[in-house]
Amino acid sequence: MKKEKAIKLEEFCSMIGSAKVNKAYALWKEFIDDNRSSLKYTLWKPKENVESEHSLCFKKKADLIRIFELNNYISSYMEGMDSRILVLHSSALLPLLLFHSISPTNTIRISGIEYDDVRFEVPNKVFNSKRPSKIDVALISHKEQAVLYLESKFTEYLLGKSSNSFSDKYKNMVRKILGDNQPAEENNQFYIRGKLDDIDIVYGEGIKQMIAHFIGVCKGGTSHNIVDVYIKKGYEVKLGCIVYQFNKEIDKLERLDAYSKLYKNMAEKMNELLRDTKRTGNGSILKECEADNILHGAPRKFSVIGELLTYQKLVGENKDKFNSKVLKFYELYK
């Protein structure tokens, strides 16, 4: 096994703000200095044992739990999760740290609904049984019989990355949601055009993921999705996206505003399709690749949140509900 390299702290911090290092590290210079013995370079190519000198992660889950003084719930939630959950700038780590303590005695309120339970990395069926759609977090209200599926975004939208190619099985649904000029086709591959108005590159990859999650909720959960049990009992289900809102100094190109417009257009069309479809609520479909049949099997009480949620607003509306060390780490304590 290759010996772990010591972090060259000064060299790493000098690169913060450059294109090589994720923009989130601008938040963490002091944290890195205080906890360098618990951090290491991220293993970028595990099979080749290649580390990235532009990314840091916690050495062990125990380090993460100790540093943030987390409660015992988080260990069970982390079982089976990919090691990438330990990467400091992981968009899946943020909701795990923030929401893991939700319980009947520590509830949070979003859009008037009080949530008292939570699950992470929740799998729903799409087209490939070996690759389900995994939504970052599901907030559950047993009192009000509601489920809120949330895809989490941290720095992804800052990169302005348009979508990678995807299976042609998605084509019909993508066209229904984004219009006839989507998906774009090139070299026998299909992708979502990351373009909005005069902006050439928008975070199209996030829209692609939301469409996959939308299909997943329509088709229902895998055998490992215990949240689906509540949906089948008649719980109302909403699908949305929650983002970390960086300041203008970091988001100089106003990427979040562009992504927000693209998301809003998508959500509006998704809700229109759901309103216009007579739904069975049982996930059954006639022809797997036909959008109308996928919509036909969607839960009867299913809708998409019309605008992006932000972590900043969520924390502001649920004061004293979250771990103070986590809030400080993400600068959500102001």
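As a starting point, this report considers the structure included with it. Counting starts from 1 at the beginning of each chain's written sequence and moves along it residue by residue. The model is predicted, so local features are restricted to residues of pLDDT at least 70 and side-chain atom pairs to those at 80 or more, both for listing and for counting; the totals for chains, interfaces and linings are taken over all residues. Remark: hydrogens and water are excluded; side-chain values derive from all non-hydrogen atoms of the structure.

## Focus on the overall build of the protein
Thought 1: Helix and strand labels come from DSSP, where a helix needs a run of H or I of at least four residues and a strand needs a run of E of at least two; each type is numbered from the N terminus. Counting its secondary structure elements, the protein contains twelve helices and twelve strands.
Thought 2: Burial here depends on accessible area, computed with a 1.4 Å probe over protein chains only, as a share of the maximum for the residue type. Under 20% is buried, over 50% is exposed, and the range in between is partly exposed. Looking at the protein residue by residue over its 334 residues, the buried ones come to 54%.
Thought 3: Carbon and sulfur atoms make up 46% of the accessible area of the protein, which amounts to about 17100 Å² in all. Here the open area of atoms and residues is found with the Shrake-Rupley method and a 1.4 Å probe, where only the protein chains shown may cover a residue.

## Quick notes on the packing of helix H7 (residues 204-219) against helix H9 (residues 255-275)
Thought 1: Between H7 and H9, the shortest axis-to-axis distance is 10 Å and the interhelical angle comes to 20 degrees. Between H7 and H9, the interaxial angle falls into the category roughly parallel. Handedness of the crossing formed by H7 with H9: right-handed. The segment H7 lies against H9, with Gly206, Ile207, Met210, Ile211 and Phe214 engaging Tyr259, Leu262, Tyr263, Met266, Met270 and Leu274.
Thought 2: Looking at side-chain class alone, the contact of H7 with H9 contains ten nonpolar, one polar and no charged residues. Geometry is summarised by axes, namely lines fitted to C-alpha atoms with helices restricted to the contacting stretch, and by angles between N-to-C directions that run from 0 to 180 degrees. Comment on the angle field: the value is read as roughly parallel under 35 degrees, roughly antiparallel over 145, roughly perpendicular from 65 to 115, and oblique elsewhere. Handedness of each helix crossing follows the sense of rotation of the near helix against the far helix: counterclockwise by less than a right angle gives left-handed, clockwise gives right-handed. Any two residues whose heavy atoms approach within 4.5 Å are treated as being in contact. In this count, Pro and Cys sit with the nonpolar residues alongside Ala, Val, Leu, Ile, Met, Phe, Trp and Tyr, while Asp, Glu, Lys and Arg are called charged and the others, Gly among them, polar.

## Some remarks on the pattern of salt bridges
Thought 1: Every case where a carboxyl oxygen of Asp or Glu lies within 4 Å of a side-chain nitrogen of Lys or Arg is listed as a salt bridge. This structure, assessed with the given rule, holds twelve salt bridges.
Thought 2: Across the salt bridge formed by Glu151 and Lys153, the nearest N and O atoms sit 3.2 Å from each other. Of the two residues examined, Glu151 and Lys153, each falls in the buried class.
Thought 3: Of the charged contacts in the structure, one is a salt bridge between Lys238 and Glu236, with a shortest N-O distance of 3.4 Å.
Thought 4: Lys238 gets classed as partly exposed once you look at its relative accessible area, which sits at 25%.
Thought 5: One continuous salt-bridge network, built from bridges that share partners, spans Arg109, Glu114 and Lys143.

## A look at the packing of aromatic side chains
Thought 1: Two rings from Phe, Tyr or Trp (for Trp, the six-membered ring) form a pair when their centres sit within 6.5 Å of each other. Planes less than 30 degrees apart are called stacked, planes more than 60 degrees apart edge-to-face, and all others tilted. Evaluated as defined, the whole model comprises 22 aromatic pairs.
Thought 2: Relative to Tyr25, the ring of Phe12 lies with its centre 5.3 Å away and its plane at 75 degrees, an arrangement referred to as edge-to-face. Placement of Phe12 in helix H1 (residues 9-15) and of Tyr25 in the loop between H1 and helix H2 (29-34) is noted, with a sequence separation of 13 residues between them.
Thought 3: Pairing Phe31 with Phe58 gives two aromatic rings, centres 6.2 Å apart and planes at 80 degrees, and the pair type is edge-to-face. Taken together, the residues Phe31 in helix H2 and Phe58 in strand S2 (residues 50-58) connect sequence positions 27 residues apart.
Thought 4: We classify Phe31 as buried; its relative accessible area is 14%.

## Notes on helix H6 (residues 171-178)
Thought 1: Among the residues of H6, those classed as buried are Met173, Val174 and Ile177. Buried residues of H6 fall within an arc of 100 degrees about the axis and therefore sit on the same side.
Thought 2: Once H6 ends, the next one or two residues include Gly179, with phi positive near 105 degrees. In this description, one arc is meant: the one made by directions from the helix axis to the C-beta atoms.

## Notes on helix H3 (residues 61-68)
Thought 1: For H3, the set of buried residues is Asp63, Leu64, Ile67 and Phe68. Take H3 and look down its axis: the buried residues cluster within an arc of 110 degrees, on one side only.
Thought 2: Structurally, H3 contributes buried residues whose contacts are with H2, S2, helix H4 (73-78), helix H5 (93-99) and helix H12 (324-329).
Thought 3: A positive backbone phi angle near 50 degrees is found at Glu69, which sits one or two residues after H3.

## Here we look at the packing of H6 against H7
Thought 1: The interhelical angle for the contact between H6 and H7, taken along N-to-C directions, is 110 degrees, at an axis separation of 11 Å. If you check the angle between H6 and H7, you find them roughly perpendicular. You can see that H6 and H7 cross each other, and the crossing is right-handed. In contact with Met173, Val174, Ile177 and Leu178 of H6, H7 contributes Ile207, Ile211, Phe214 and Ile215.

## Structural notes on the environment of Ser55
Thought 1: Inspection of the secondary structure assignment puts Ser55 in strand S2.
Thought 2: With a relative accessible area of 4%, Ser55 lands in the buried category.
Thought 3: Separated by twelve residues in sequence, Ser55 and Leu43 place their C-alpha atoms 8.8 Å apart.
Thought 4: Beyond its immediate stretch of four places on either side in the chain, Ser55 contacts Phe12, Tyr25, Lys40, Tyr41, Thr42, Val87 and His89.
Thought 5: Within the structure, the side chain of Ser55 is placed 2.8 Å from the side chain of Thr42, a separation counted as a polar contact. Polar contact is the term for a pair of N or O atoms within 3.5 Å; when the atoms are in protein, one must be able to donate a hydrogen and the other to accept it, and sequence-neighboring residues count only if both atoms are side-chain atoms.

## Looking at unusual backbone geometry
Thought 1: Even without glycine at this site, Glu121 takes up a positive phi of about 50 degrees.
Thought 2: Within the chain, Glu331 stands out as a residue other than glycine whose phi angle is a positive 55 degrees.
Thought 3: By the element assignment, Glu331 lies in the segment after H12.
Thought 4: Since its relative accessible area comes to 31%, Glu331 is described here as partly exposed.

## Digging into the environment of Val217
Thought 1: Along the polypeptide, Val217 turns up in helix H7.
Thought 2: Given a relative accessible area of 5%, Val217 falls into the buried group.
Thought 3: Sequence separation of Val217 and Leu295 is 78 residues, and the distance between their C-alpha atoms is 9.7 Å.
Thought 4: Among all residues touching Val217, those that are not within four sequence positions of it are Asn124, Ile135, Tyr149, Val237, Pro299 and Phe302.

Shape descriptors only; they carry no functional weight alone.
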